[in-house]
Amino acid sequence: MKIQIVLSGVGGQGLISNGEIMGQAASIFEEGLFATMTAAYGSETRGTFTKTDVIISDQPIGYPNVDEPDVILCLAQVAYDRYVDKFHDNTKIFYDTEMVEPAEGAKGEHIGYDFRAMSIELGDMRTANTIALGVMLKHCALRPDAVKQAIASRFEGKDKVIAINHKALDLGLSL
Amino acid sequence: MATYKDYMLFDKLPHTWCAGCGDGIILQSIAAVFAEMELDKHDITLVSGIGCFGRVDDYLDINCMHVTHGRALAAATGVALGNPELNVLVTMGDGDGTTIGGNHLIHCARRNIDLTAIIANNYNYGQTGGQYSGTTPTDSITSTSPYGHIEQNFDICKLAEAAGASYVARSTAYNPVQMRKLIRGGMEHKGFALIEVMVACPTHYGRYNRQGEAADMMKLMNEQSVPVEKARTMTEEELEGRIVTGLLVDKDREDYYTKYKKIIDAQNMDK
Amino acid sequence: MSKSVKKFIEGNNAIVDGAIAAGARFYAGYPISPSSEIAEGAAKELPRHGGVYIQMEDEISSMAALLGASLAGKKSFTATSGPGFSLMQENLGLGIMSEIPTVIFDVQRSGPSTGAATKPAQADIMQARYGVHGDHSIIALSPSSVQDCYDLSIVAFNLAEKYRTPVLFMTDEVIGHLRETVTEVEPDPSQIFNRVQPGEDVTQAEFRPYSFSSNMPAPMPAVGGRLLMRTTGSTHDEKGEFGPGPANIDRVTHYLTDKIEKNVDDITITRSYQLEDAEVAFITFGCSVRSTMTAVDILRAKGVKAGMLQLVTIWPMPEKAIRAVLSKVETVVVPEMNLGQLAGEVRKFNDYGCKVIQANRTDGVLITPKQILDRLEEK
């Protein structure tokens, strides 16, 4: 089992945080899983394209970059456009319906939600990525419980942040 | 009672310095200060660089770290922070301490690392044939300024003071009594102390600039000297070409490690 | 039972954890991409363990301060990249000549000069070996995972202490910023090598800070202890006193080289991946190991008997292991993110008519498994 995941969008959308939570969940709160994560380095400016590659596998991971994702999250058009040619028939594309217009004839299964609007409704715009994470989870070999533990560990000491992210994750899982 | 001899390596004498060079006078003064302060030689570490005065460690029976040209203060920063209990002494010439090592000098002064730096200023690179340094006076002749030196020279003490040194003093090889007092003051000072000592280089600088024999150069040095108390009453024009001697700066300022230790005490998890 | 913690962190973070676990308590450095997380981590963690972090004015002074602190008894380290590594060469030489242990983490980036400051490369391999003027030898390790960053940091400090010499840790931007699973096991005291001390009955008259008679260094007391200690970057005798005679210069030169080269079996570490029955072999190091491992998996899935020799120690070169591969297979591919620095070394040992193919990438992007496989097909 090896799942290649890309989290893409623009700087400031919390993609690195998402990747770290997934990686922590896999390596610390699951048994027998390996994870790697590489992030765009040197160009993390708010508002410009950025991406994070996450690989989750039951075997040690060699090459850590993702060229053809199995699962991809696109939170911005610029990110979608950059990857659309890499989609294969089994790629699961999660996107924000308000930010991304899917290309006609693009391969893969497109699953769109208005993550941003949902996060505003939830009370914190910064949780859009966590809602998306909840939606993606069943395709990433991670148990919700492991991800919740990872969230709690990453935001240790910030109880409010943990609570709202848990809520956002649950919302995503319910969709 | 300890004497300077207790800190010297006599089997290494005679020293390599030229006849008339002032470096030997500083060497004896340093050893004498150790004796006056009754220091345990094991608690002293001398860090020296490259140049005539960098060779001073050859003759001292203490811990010695002889490093690369210009880097003595940087290495000494590591020694002083590695073991804050040590008395760290740094010996450099004007090339070593202020020219190639000028950046380290200002930063060491700014950080107020607890050590004592002695810079022997002979206005040129004596060990390698008398080339010009950062302290070579304008218009001087050296082996690399055969038509006269066009650069402005550093005033080492003003440089150190501006950089934040908490103890700055100047003396001359003509006046070992004063020199000894100022070196001792520097060693007793908690924080960065700099003592500039003017020394004659009759072999190169003196010869190129027709300043006569070593004795003539020493006399000239004495004539040029003005105690700092008197200098304060003199105009800038009057001080032109004079050597202001004495204790120039003496400030209480917490040294680097004392400040850092507070962070360690607050953060330490190893208890 | 040793304490063990599982983490999901960057290679650069694991280096700080490894250094502290190894007993390092002093850091002097100058921040530079892509190594700065090591400086930031050291600044945060060292005071928590009673250690000191200082940011120096440049990499020249950083190296000098490391040696000073080490002589004062602290295990010291720094991190740098490209231009900073160049500036460190001067006092790296001082450390080699004075025989003062310290560890330098070079997170390699694309060069020369500023180059592409945030992009990975593995092009400092020859600088690591020959960047210091004058004959000498050097120990250099190269990690290929975050786990290595932790484990090998401890190895690096142990080697530095054992051989009384600066040790280079040649990581790269890929491994530095790669986050992955790491299990940090706190080493048992028996797994930590601390520099040998003179016997308690050794008198000052008997004590010698240097020894050139065997291929192991003399004991090294810290300054401030019972014995006066004398170190110098000038060619010296056993007492640490100036020794510029021709016979002594020759003796010291040979000693500084032999100390490393004659202990190559003790120093070098290699790893084999699917090498036992391999007919095609890859020899590589650092981040390129990751892509090569995947390339081997792809070949094996196709039924090609491929394997990989990973050089964990890159200096001294693990000659025996390289020869063992060259003598066994017909084709060796050397993937690396430079124009063939390791390939040249591999060819030096190729007395077996083995075909040595280079797989190089120098555009600041991690070499891919496909690029490595393409080179093999082109043969």
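Not measured: the values here are computed from a predicted model. (Residues numbered from 1 in each chain as written. Chains lettered and ligands numbered in written order. Predicted model: local features only at pLDDT ≥ 70, side-chain atom pairs only at ≥ 80, totals over all residues. Heavy atoms only, no water.)

Draft legend 1. Structural view of the overall build of chain B. When you go through chain B residue by residue, the secondary structure sums to 10 helices and 10 strands. Since a compact globule built from 271 residues should have a radius of gyration of about 18 Å, the 18 Å found for chain B is in line with a globular shape. In terms of overall dimensions, chain B has a C-alpha envelope of 65 × 45 × 35 Å along the principal axes. For chain B, with 271 residues in total, the buried portion stands at 58%. Here chain B displays about 11400 Å² of accessible surface, and carbon together with sulfur accounts for 51% of that area. Here chain B carries 25 positive and 34 negative side-chain charges, and the mean point of each set is 2 Å from the other. (Helix = DSSP H or I, 4+ residues; strand = E, 2+ residues; numbered from the N terminus. Rg over C-alpha atoms; globule rule 2.2 N^0.38 Å. Buried < 20%, exposed > 50% of the residue type's maximum accessible area, 1.4 Å probe, protein only. Areas by Shrake-Rupley, 256 points an atom, 1.4 Å probe, with all protein chains shown as cover. Lys, Arg positive; Asp, Glu negative; His and termini not counted. Charge placed at Lys NZ, Arg CZ, Asp CG, Glu CD.)

Draft legend 2. Focus on the sheet that holds strand β11 (residues 270-273) of chain C. All names here are of chain C. The strand order across the open sheet formed by five strands is β11-β13-β12-β15-β16, and the pairing between neighbours is mixed. What marks the edges here is a single partner per strand, and that holds for β11 and β16 (355-360). Going from strand to strand, the sheet's axes swing by 20° on average, the running direction of each strand aside. Relative to strand β13 (residues 306-311), strand β12 (residues 280-284) runs parallel, the two sharing five bridges. Residue Val-280 lies in a different strand from β13, and its bridge partner there is Ala-306. Set on the sheet, helix α12 (residues 341-348) makes contact with β12, β13, β15 (331-336) and β16; between it and β15 the angle comes to about 150°. (Pairing = 2+ DSSP bridges. Axes fitted to C-alpha atoms, helices over the stretch in contact; angles between N-to-C directions. Contact = heavy atoms within 4.5 Å.)

Draft legend 3. Summary view of the domain arrangement of chain C. All names here are of chain C. The domain architecture assigned to chain C consists of domain 1 (4-191) and domain 2 (270-378). With 27 residues of domain 1 at the contact, the number on the domain 2 side is 22 residues. Of the roughly 2000 Å² buried between domain 1 and domain 2 on both sides combined, carbon and sulfur atoms contribute 57%. On inspection of domain 1 and its partner domain 2, the count reaches two salt bridges. Put simply, Glu-180 and Arg-290 hold a salt bridge, and the shortest N to O gap is 2.8 Å. Between the two partners, domain 1 and domain 2, sit 17 residue pairs in polar contact (both at pLDDT 80 or more). Elements that contribute at least two residues to the side of domain 1 that touches domain 2 include exactly β6 (116-120), α5 (125-130), β7 (139-141), α6 (146-163), β8 (166-172) and α7 (173-177). Counting residues per element, the side of domain 1 that touches domain 2 draws most heavily on α5, at five residues. (Domains from an automatic or database assignment. Buried area = accessible area lost by both parts, 1.4 Å probe. Salt bridge = Lys/Arg side-chain N within 4 Å of Asp/Glu carboxyl O. Polar contact = N/O pair within 3.5 Å; in protein donor to acceptor, adjacent residues only side chain to side chain.)

Draft legend 4. Molecular detail of the interface of chain B and chain C. Opposite the 43 residues of chain B that make contact, chain C presents 43 residues. Of the roughly 3300 Å² buried between chain B and chain C, counting both surfaces, carbon and sulfur atoms make up 56%. Three residues stand out in chain B for area buried against chain C, namely His-42, Met-65 and Tyr-260 of chain B, and they jointly supply 15% of the buried area on that side. Summed over the shared surface of chain B and chain C, the result is three salt bridges. Across the pair Glu-241 of chain C and Lys-12 of chain B runs a salt bridge whose closest N-O atoms are separated by 3.0 Å. Joining chain B to chain C, the criterion identifies 18 residue pairs in polar contact (both at pLDDT 80 or more). At the level of elements, β2 (63-66), α2 (72-82), α4 (102-111) and α10 (256-267) of chain B are the ones that each hand at least two residues to the side of chain B that touches chain C. Broken down by element, the side of chain B that touches chain C gets its largest block of residues, seven residues, from α2 of chain B.

Draft legend 5. Here's a closer look at the packing of aromatic side chains. Residues and elements named next belong to chain C. Here the structure, examined in full by the defined rule, presents 17 aromatic pairs over all chains. Geometrically, the ring pair formed by Tyr-27 and Phe-77 is edge-to-face, given 5.0 Å between the ring centres and 85° between the ring planes. Remark: Phe-77 occurs in strand β4 (residues 75-80) and Tyr-27 occurs in strand β2 (residues 24-29); sequence separation between them is 50 residues. The class for Tyr-27 is buried, based on a relative accessible area of 1%. Centre to centre, the rings of Tyr-130 and Trp-315 are 6.3 Å apart; their planes meet at 70°, and the pair counts as edge-to-face. Placement of Tyr-130 in helix α5 and of Trp-315 in strand β14 (residues 313-315) is noted, with a sequence separation of 185 residues between them. Since its relative accessible area comes to 47%, Tyr-130 is described here as partly exposed. (Phe/Tyr/Trp six-rings, centres within 6.5 Å; stacked < 30°, edge-to-face > 60°.)

Draft legend 6. Representation of the arrangement of the chains. There are two pairs of chains in contact here, and the one with the most contacts is chains B and C. Separated throughout, chain A and chain B approach each other most closely at a C-alpha pair spaced 18 Å apart.

Draft legend 7. The arrangement of the interface of chain C and chain A in detail. Counting residues at the interface gives 21 residues for chain C, matched by 22 residues for chain A. For the pairing of chain C and chain A, the buried interface totals around 1700 Å² over both sides, and the portion due to carbon and sulfur atoms is 59%. For the interface between chain C and chain A, the tally reads one salt bridge. Between Arg-179 of chain C and Glu-20 of chain A there is a salt bridge, and its shortest N-O distance comes to 2.6 Å. The tally of links between chain C and chain A comes to nine residue pairs in polar contact (both at pLDDT 80 or more). When residues of the side of chain C that touches chain A are traced back to their parent elements, those giving at least two are β1 (4-10), α7, β9 (179-185) and α10 (288-301) of chain C. Take the side of chain C that touches chain A: its biggest share by element is four residues, from α10 of chain C. Class assignment for the residues of the side of chain C that touches chain A results in seven nonpolar, seven polar and seven charged. (Nonpolar A, V, L, I, M, F, W, Y, C, P; charged D, E, K, R; others polar.)

Draft legend 8. Highlighting the environment of Ile-357 of chain C. Residue and element names in this part refer to chain C. Secondary-structure assignment places Ile-357 in strand β16. On the basis of relative accessibility, which here comes to 6%, the residue Ile-357 falls in the buried class. Sequence separation between Ile-357 and Arg-347 is 10 residues; the distance between their C-alpha atoms is 9.8 Å.

Draft legend 9. Representation of the side chain of Asp-255 of chain B within the structure. Residues and elements named next belong to chain B. For Asp-255, the position within the fold is in the loop between β10 (243-250) and α10. In this structure Asp-255 is buried but unpaired, with Lys-190 as the nearest side chain of opposite charge at 4.2 Å. At a separation of 3.2 Å, a polar atom in the side chain of Asp-255 contacts the main-chain amide nitrogen of Tyr-257. Setting aside residues no more than four positions away along its own chain, Asp-255 makes contact with Asn-112, Asp-114, Lys-190 and Gly-191.

Draft legend 10. A negative patch on the surface, seen in detail. There is a patch of like negative charges on the surface, built from Glu-236, Glu-237, Glu-238 and Glu-240 of chain B. Inspection of the secondary structure assignment puts Glu-238 of chain B in the loop between α9 (228-231) and β10. (Patch = residues over 30% accessible without salt bridge, like charges linked within 9 Å, V, L, I, M, F, W, Y side chains within 5 Å.)

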